[in-house]
Amino acid sequence: MGYKNAICVLPDNLIMAIQQHIDGEYLYIPRKEENKKGWGELSNSRQLLDERNATIFAEYQHGTPVEQLANKFYLSPKTIYKILSEMKK
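An unreviewed UniProt entry lists the protein chain under the name DNA-binding response regulator, with Desulfosporosinus fructosivorans given as the organism.

Next comes the structure, spelled out in structure tokens:
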């Protein structure tokens, strides 16, 4: 996320009104609800995790023990059990 100088994008009267509340400090302006992106949507992280979890589930169904899956994917056995539980739904 990049910062923009308010002087370049906002009218003077709006800048003065904002300065009445917060003068010279950083201000975060959230996105509109309809413009928000879901977690991992921009970086493809969600898709990569879904693919990893599907692989874990498939290997488990073919007899790979939880401990072996945990070591292979650098996860705790508890996390593997959570993934398996979610994938069964």
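And the narrative resumes.
> Which parts of the structure should I look at to understand the pattern of salt bridges?
Any two side chains of opposite charge can pair, on the condition that their charged atoms come close. Considering all chains together, one arrives at four salt bridges under this definition. Lys36 is the salt-bridge partner of Glu33, the closest N and O atoms lying 3.5 Å from each other. Glu33 sits in the exposed class, given a relative accessible area of 61%. Under the relative-accessibility criterion, Lys36 is labelled partly exposed at 47%.

> Is there a simple way to think about the packing of aromatic side chains in this case?
Working definition: an aromatic ring pair is given by the centre-to-centre distance plus the angle between the planes. Under the criterion given, the structure shown has one aromatic pair. Consider the rings of Tyr3 and Tyr26, whose centres lie 5.5 Å apart with planes at 45°: the pair is tilted. With Tyr3 in the segment before helix 1 (6–9) and Tyr26 in the loop between helix 2 (12–19) and helix 3 (45–61), this residue pair connects regions lying 23 residues apart in the sequence. On the basis of relative accessibility, which here comes to 73%, the residue Tyr26 falls in the exposed class.

> I keep staring at the packing of helix 3 against helix 5 (residues 77–88) and nothing clicks. Help me out?
Pairs of packed helices are described in terms of their axes, by the angle between the two and the distance that separates them. Between helix 3 and helix 5, the least distance of the axes is 9 Å, while the angle of their chain directions is 90°. One way to sum up the angle between helix 3 and helix 5 is to call them roughly perpendicular. Between helix 3, through Arg52, Asn53, Ala54, Ile56, Phe57 and Tyr60, and helix 5, the contact on the second element is made entirely by Ile80, Ile83, Leu84, Met87 and Lys88.

> Could you clarify how one ought to interpret unusual backbone geometry in this entry?
The phi angle of most residues is negative, glycine excepted, and most peptide bonds adopt the trans form. In this structure, Tyr74 takes a positive phi of about 55° despite not being glycine. Inspection of the secondary structure assignment puts Tyr74 in the loop between helix 4 (66–73) and helix 5. When its relative accessible area of 76% is taken as the criterion, Tyr74 is described as exposed.

> Can you help me understand the packing of helix 4 against helix 5 in this one?
At their nearest, the axes of helix 4 and helix 5 sit 9 Å apart, and the two run at 105° to each other. Relative to helix 5, helix 4 is oriented roughly perpendicular. Every residue of helix 5 that contacts helix 4 at Val66, Glu67, Leu69 and Ala70 is listed here: Pro77, Ile80, Tyr81 and Leu84. Looking at the contact of helix 4 with helix 5, its residues break down into seven nonpolar, no polar and one charged.

What counts and how
- Residues numbered from 1 in each chain as written.
- Predicted model: local features only at pLDDT ≥ 70, side-chain atom pairs only at ≥ 80, totals over all residues.
- Heavy atoms only, no water.
- Salt bridge = Lys/Arg side-chain N within 4 Å of Asp/Glu carboxyl O.
- Buried < 20%, exposed > 50% of the residue type's maximum accessible area, 1.4 Å probe, protein only.
- Phe/Tyr/Trp six-rings, centres within 6.5 Å; stacked < 30°, edge-to-face > 60°.
- Helix = DSSP H or I, 4+ residues; strand = E, 2+ residues; numbered from the N terminus.
- Axes fitted to C-alpha atoms, helices over the stretch in contact; angles between N-to-C directions.
- Parallel < 35°, antiparallel > 145°, perpendicular 65-115°, else oblique.
- Contact = heavy atoms within 4.5 Å.
- Nonpolar A, V, L, I, M, F, W, Y, C, P; charged D, E, K, R; others polar.

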